[in-house]
Amino acid sequence: MTSATPTQPQPSLAALLSTREVVVFCGSGGVGKTSTAAASALTAAARLGGKVLVLTIDPARRLADALGLEAFGNVARRVPLDAYAELGVEPRGELWAAMLDTKRSWDDLVLRHAPDEATAYRILDNRMYHNVTSRFVQSHDYIAMERLYEVHASGDYDLIVIDTPPTRNAIDFLEAPARMADFFGGRLLRWLTMPYRIGGGRGGRMFNAASKPFYQMADRVLGSQFLQDIAEFFLNFQSMYAGFVERAHAVEQLLHDRRTTFAVVTTLEGAPLREAETFCRELAARDFDLGALVLNKVLPEYLLSPDGEHAADVFERDGDPIADELAATGLPGLDDAPSTARVLRTLADSFRNYEVVARREAELRNELTRLAPPGPEVIVSVPAFPADIDDARALVRIGEALFATGATGATGTIAP
Amino acid sequence: MSGLLDRRLLFFTGKGGVGKSTVTAATALLAADQGKRVLLVEVDAKNNLTALFEHAPVGFEPRLVHPGVFAMQMDTESSLREYLKVQARVPVFGRIGPMARAFDFVATAAPGVKEILTVGKICWELRESLEGRADWDLIVVDAAATGHVISQLDAPEAIQELVAVGPIRNQTGWLVELLSDPALTALNVVTSPEEMPVNETIELVARARESLNVPLGVVIVNRVLPELFTHADDEVFDALRAPEAVATLERHAGAGSTAVVDAARLAVSMRRSRSVHLSELRDAVDLPLLLLPYLFVRDHGLRVTRMVAEALGQELT
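Residues numbered from 1 in each chain as written. Chains lettered and ligands numbered in written order. Predicted model: local features only at pLDDT ≥ 70, side-chain atom pairs only at ≥ 80, totals over all residues.

The number of helices and strands found in chain A is 18 helices and eight strands. The proportion of buried residues among the 416 residues of chain A is 47%. Long-range contacts, defined here as pairs at least 24 residues apart, represent 77% of the contacts in chain A between residues at least 6 apart. (Helix = DSSP H or I, 4+ residues; strand = E, 2+ residues; numbered from the N terminus. Buried ≥ 20, exposed ≤ 12 C-beta atoms within 10 Å, placed from the backbone. Contact = placed C-beta atoms within 7 Å.)

Here we take up the overall build of chain B. Across its full length, chain B holds 11 helices and eight strands. The proportion of buried residues among the 317 residues of chain B is 49%. A fraction of 74% describes how many contacts in chain B between residues 6 or more apart in sequence connect residues 24 or more apart.

The subject of this paragraph is the sheet that holds strand E1 (residues 22-26) of chain A. The strands making up a sheet associate through hydrogen bonds between their backbones, and the pairing can be parallel or antiparallel. Residues and elements named next belong to chain A. Strand order in this open sheet of eight strands is E3-E4-E2-E5-E1-E6-E7-E8, and the pairing throughout is mixed. What marks the edges here is a single partner per strand, and that holds for strand E3 (77-79) and strand E8 (378-383). The sheet shows a mean angle of 25° between the axes of neighbouring strands, taken without regard to direction. One ladder, built from five bridges, connects E1 with strand E6 (residues 260-267); its direction is parallel. Across the sheet, Val 24 pairs through a bridge with Phe 262, a residue of E6. (Pairing = 2+ DSSP bridges. Axes fitted to C-alpha atoms, helices over the stretch in contact; angles between N-to-C directions.)

Attention now goes to the packing of helix H5 (residues 102-113) of chain A against helix H6 (residues 117-125) of chain A. Axis angle and axis distance: for two packed helices, these are the angle between their axes and the distance between the axes, and together they describe the pair. Residues and elements named next belong to chain A. Packing of H5 against H6 leaves a shortest axis separation of 8 Å and a crossing angle of 150°. Between H5 and H6, the interaxial angle falls into the category roughly antiparallel. Relative to H6, the crossing made by H5 is right-handed. When H5 is examined against H6, the residues Asp 107, Val 110 and Leu 111 are found in contact with a partner set consisting of Ala 120, Ile 123 and Leu 124. (Parallel < 35°, antiparallel > 145°, perpendicular 65-115°, else oblique. Left-handed = near helix turned anticlockwise from the far one by under 90°.)

This part takes up unusual backbone geometry. One non-glycine residue, Asp 287 of chain A, adopts positive backbone phi at about 70°. Of note, Asp 287 of chain A is situated in the loop between helix H14 (270-285) and strand E7 (290-298). In this structure Asp 287 of chain A comes out as exposed when scored by C-beta crowding, with 7 C-beta atoms within 10 Å. Positive phi outside glycine occurs at Glu 54 of chain B, with the angle close to 55°. Looking at the secondary structure, you find Glu 54 of chain B in the loop between strand E2 (38-42) and strand E3 (63-66). Taking the number of C-beta atoms within 10 Å as the measure of exposure, Glu 54 of chain B has 14 and is therefore partly exposed.

When the terminal C-alpha atoms of helix H18 (residues 392-403) of chain A are compared, their 16 Å separation across 12 residues agrees well with the 16 Å that a helix rising 1.5 Å per residue should span. Of all the 12 residues making up H18 of chain A, 10 are buried; the element is thus mostly covered by neighbouring parts of the structure. (Expected span 1.5 Å × (residues − 1).)

Residues and elements named next belong to chain B. If you trace the backbone, Ala 206 turns up in helix H7 (residues 195-211). For Ala 206, a count of 12 C-beta atoms within 10 Å translates into the label exposed. In this structure the C-alpha to C-alpha distance between Ala 206 and Ala 284, which are 78 residues apart in sequence, comes to 9.3 Å.

This part takes up helix H2 (residues 76-86) of chain B. Residue and element names in this part refer to chain B. Of all the residues in H2, the buried ones are Thr 76, Ser 79, Leu 80 and Tyr 83. Taken down its axis, H2 places every buried residue within 100° of arc, on the same side. Exposed positions of H2 whose direction lies more than 90 degrees from the buried face are Lys 85 and Val 86. (Arc of directions from axis to C-beta.)

Time to look at the sheet that holds strand E4 (residues 69-73) of chain B. Residues and elements named next belong to chain B. The strand order across the open sheet formed by eight strands is E3-E4-E2-E5-E1-E6-E7-E8, and the pairing between neighbours is mixed. Among the strands making up the open sheet, the edge pair consists of E3 and strand E8 (289-293). Each strand axis lies, on average, 25° off the axis of its neighbour in the sheet, ignoring direction. Bridging between strand E1 (residues 9-14) and strand E5 (residues 138-142) involves four bridges; their strand directions are parallel.

Moving on, we come to the environment of Val 221 of chain B. All names here are of chain B. Counting through the fold element by element, Val 221 comes out in strand E7 (residues 216-224). Expressed as a C-alpha distance, the spacing of Val 221 and Pro 193, which sit 28 residues apart in the sequence, is 6.6 Å. Setting aside anything within four residues of it in sequence, one finds Val 221 in contact with Thr 191, Ser 192, Pro 193, Leu 278, Leu 281, Leu 289, Leu 290, Leu 291 and Leu 292.

Attention now goes to the nonpolar core. In this structure, Ala 41, Val 52, Ile 160, Val 161, Val 264 and Val 294 of chain A together with Val 260 of chain B are the most contacted members of the largest nonpolar core, which totals 131 residues. When neighbours within four sequence positions are excluded, Val 52 of chain A is seen to be in contact with Ala 41, Ala 44, Ala 45, Gly 93, Glu 94, Leu 95, Trp 96, Tyr 157, Asp 158, Leu 159 and Val 161 of chain A. Core analysis: the next-biggest nonpolar cluster, separate from the first, contains 79 residues, Ala 31, Leu 39, Ile 116 and Cys 123 of chain B among them. (Core = buried A, V, L, I, M, F, W, Y, C linked by C-beta atoms within 7 Å.)

All names here are of chain B. E4 sits mainly inside the fold: five of its five residues count as buried. Side chains of E4 alternate between two faces, with Val 69, Ala 71 and Gln 73 and Phe 70 and Met 72 buried alike. Inspection of the sheet shows E2 paired to E4 by five bridges, in the parallel sense. Its bridge partner being in E4, Leu 39 is matched across the sheet by Phe 70.

Moving on: the confidence of the model for chain A. Residues and elements named next belong to chain A. Chain-level statistics for chain A give a pLDDT mean of 81 and a share of 78% at 70 or above. When mean pLDDT is compared element by element in chain A, helix H15 (residues 306-317) scores highest at 97, while helix H10 (residues 187-199) scores lowest at 66. Segment residues 1-10: pLDDT under 50, and 10 contacts once partners within four positions in sequence are set aside and those in other chains are kept. Low pLDDT, under 50, characterises residues 407-416; the predicted model gives this stretch 25 contacts beyond four residues in sequence or across chains. (pLDDT = per-residue confidence, 0-100.)

All names here are of chain B. Tracing the backbone through its elements, the reader meets Val 198 in helix H7. Assessed through the 27 C-beta atoms surrounding it within 10 Å, Val 198 is described here as buried. Setting aside its immediate chain neighbours within four residues, Val 198 contacts Thr 191, Pro 193, His 277, Glu 280 and Leu 281.

Right, here's the structure in full:
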């Protein structure tokens, strides 16, 4: 069975990116999400043109260096496209990069939505505030989506490529805006803070029948003083209700907008791939647009060639006679036949080792055809590069592989 | 480093994708093979740890997943329920239900509450064992990833600072005592010889030294690629690039000989770029490094867990 969905109008990532304004890159940790997002943005800027922003969360130092940025914060910086010029490609557009500063973004949000400055600072100074914003599991997810909204609304960019925070569960950030709205709009918060609102916040609490057992339990576990601190914080936080909920809905709308698409990044390894598949399903179930599935760090196809297998067998079996023959040629470095024979056997061994892994990858890739329709519009493979992404040229190589026509194997034509 | 398994409580952290769960499961297996009775705790909600023993997912109640290995899935609601029943002596009838949602909400927002329910349950099992009411020789925890593990393990102390009085504060003293005892407890970091995992490991070790009272154990470097050639053989490999040598190889082994040589070249450069990160790690972290080889295998079941356990056993002797 083949996965061909014959009526797909967009066979490549280039086509996908040129019709969208926002691309959200997601995937589990360690799959190369951040560098893939950066490379897409770089290549989009160079090849498609326009003003492109890559909004990244926590780039590796080498990647930040590769983007020519020593330190980047919430403020976007222009990234030079010299690496493309070196390739003889005249860059058509501009690349900008910014990093998400979670703390700063939260502070901005509070200052914007609090009814007055005094309340804003009461919130910012509350010792719970730091905790809620830094530890609340969805806090990073929400703030990333909120920043995306803000940047998009500014209208400064033609294309925004956003990397998502490493979440325990990749779908968390999708639900973050809705959850944030629920959180502030929900009865739960009112119910929780009610005794304090009625009791005047001085420890005198009035309970209704429903909340009394909860407070009895919470007092036993947390202590009543602690609980009161929390309630006070939420009372203040609640004052931002209207603005917050409205904003969360707007963020949610942007994610569902037809100008927004998602790219799921994975390696061809069991656990990340299963997570990627789950993620694809979740996106579809929530009616988000699944634009691309990126298979990253794929081993070369030649590892699976029968010719290669045959050659490995011969190196193993005939290592000695081949080595003797090579020694007889008088070529420098090959005069010691036993050494050469040993090297040939090591080559055969190593080939077979990597062949096992390549075969596993190929099998996993075939299983992808089982992805329920509609599935991703584009599937692209990026080959395993031996070295780190430590300069813009490495990013260019990834970007070019990404932009090569989709739905083929790891044979991407990579610029040298 | 043979002392690692003599401790009673081992936490494993690491960046996503480095094989933290596999190494944790392998440690449990190794200890069980040595005759220990092991409790394996999965803290993240992924619930895939028992698959490494080819066993169905488990819940909060420890289940035997392999001879000598009992596994449990941490769940803060169950932990709370147990706490209320056993320690606070609050009767809980039926499901905590809607109250749990409210509690979950407060616990998420309040500093360290979720963490303390997690760490508290783990330490409770340790204390019960030390006092002869439970019989775990070793508790092995697949803990939070590098980004979250400090706040998880630091929760008891953080709560002591935040909360002046109250029942939760009274509970933290013994937790801190168990967690900070180097004879009992160690936090171990799993990593791989790649840029981000190594950076995160270096940062984590520095932060743990600075702000965490849990003793550090070992750093386990997973997926170390084999060195293909000695220095001398490397020169032979280079010499094989000569056109005449290439022609000889092709005459014997056919067109595929290029693929075999290219594959080795890829393997050598991957190994090389990774060894840079490995030496960065060695230079920056003064903890014992245990190296586990990259496994060229197809599946990820019990067989692989056993291979990792064996490699770990060799590194520990």
